[in-house]
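Working through the structure, step by step
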Amino acid sequence: MRSVQIFARAIDRLNETVGVTVAWLALLMVLLEFAVVMMRYVFGLGSVKMQESIVYMHAIVFMAAAGYTLLHNGHVRCDVFYAAAAPRRKALIDL
């Protein structure tokens, strides 16, 4: 049982590190989006590659930050079932 706890703590630390790193990716994504808008509407230039990279960064933010969000209990749940559930059922839903 001790090894499972050590493994779970290691996963939590990994999720924490990934979450903080992904937060910086979100900032980079916003800055890149600003650059794309400025290029298009101020300078009349467009870049499909830059626009595509924003879509991929957005997907990475959601996929990579899912563990971090679950670690900090920040997921949105349908409280119709979750609020009335027993602790064991809540753990199963979280899983």
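Residues numbered from 1 in each chain as written. Predicted model: local features only at pLDDT ≥ 70, side-chain atom pairs only at ≥ 80, totals over all residues. Heavy atoms only, no water.

Digging into helix α2 (residues 48-64)
The end-to-end C-alpha distance of α2, which contains 17 residues, comes to 24 Å, matching closely the 24 Å that a straight helix rising 1.5 Å per residue would cover. All of the buried residues in α2 are M50, I54, M57 and V61. The arc that holds every buried residue of α2, seen down its axis, measures 65°, which confines them to one face. Facing away from the buried side of α2, by more than 90 degrees, are the exposed residues V48, K49, V55, Y56, F62 and M63. Buried positions along α2 lie against α1 (2-41). (Helix = DSSP H or I, 4+ residues; strand = E, 2+ residues; numbered from the N terminus. Expected span 1.5 Å × (residues − 1). Buried < 20%, exposed > 50% of the residue type's maximum accessible area, 1.4 Å probe, protein only. Arc of directions from axis to C-beta. Contact = heavy atoms within 4.5 Å.)

A look at the environment of G46
Here G46 is to be found in the loop between α1 and α2. It is 51 Å that separates the C-alpha atoms of G46 and Q5, two residues lying 41 residues apart in sequence.

Re the packing of α1 against α2
Where α1 contacts α2, the axes come no closer than 9 Å and their chain directions differ by 160°. It follows that α1 is roughly antiparallel to α2 by the angle criterion. Seen along the crossing, α1 lies across α2 with a hand that is left-handed. Here V18, V22, L25, A26, L28, M29, L32, E33, A35, V36, M39 and R40 of α1 lie close against α2, whose contacting residues are M50, Q51, S53, I54, M57, H58, I60, V61 and A64. Across the contact of α1 with α2, the residue classes tally to 16 nonpolar, three polar and two charged. (Axes fitted to C-alpha atoms, helices over the stretch in contact; angles between N-to-C directions. Parallel < 35°, antiparallel > 145°, perpendicular 65-115°, else oblique. Left-handed = near helix turned anticlockwise from the far one by under 90°. Nonpolar A, V, L, I, M, F, W, Y, C, P; charged D, E, K, R; others polar.)

Considerations on the confidence of the model for the protein chain
Looking at the protein chain as a whole, the pLDDT averages 87, with 97% of positions reaching at least 70. Ranking the elements of the protein chain by mean pLDDT puts helix α4 (residues 79-82) last with 76 and α1 first with 91. (pLDDT = per-residue confidence, 0-100.)

Examining a nonpolar patch on the surface
Nonpolar side chains collect at one region of the surface, where V37, Y41, V42, F43 and L45 lie side by side and expose about 560 Å² of accessible area between them. Here Y41 lies in helix α1. The class of Y41 is exposed, set by a relative accessible area of 63%. (Patch = residues over 30% accessible without salt bridge, like charges linked within 9 Å, V, L, I, M, F, W, Y side chains within 5 Å. Areas by Shrake-Rupley, 256 points an atom, 1.4 Å probe, with all protein chains shown as cover. Salt bridge = Lys/Arg side-chain N within 4 Å of Asp/Glu carboxyl O.)

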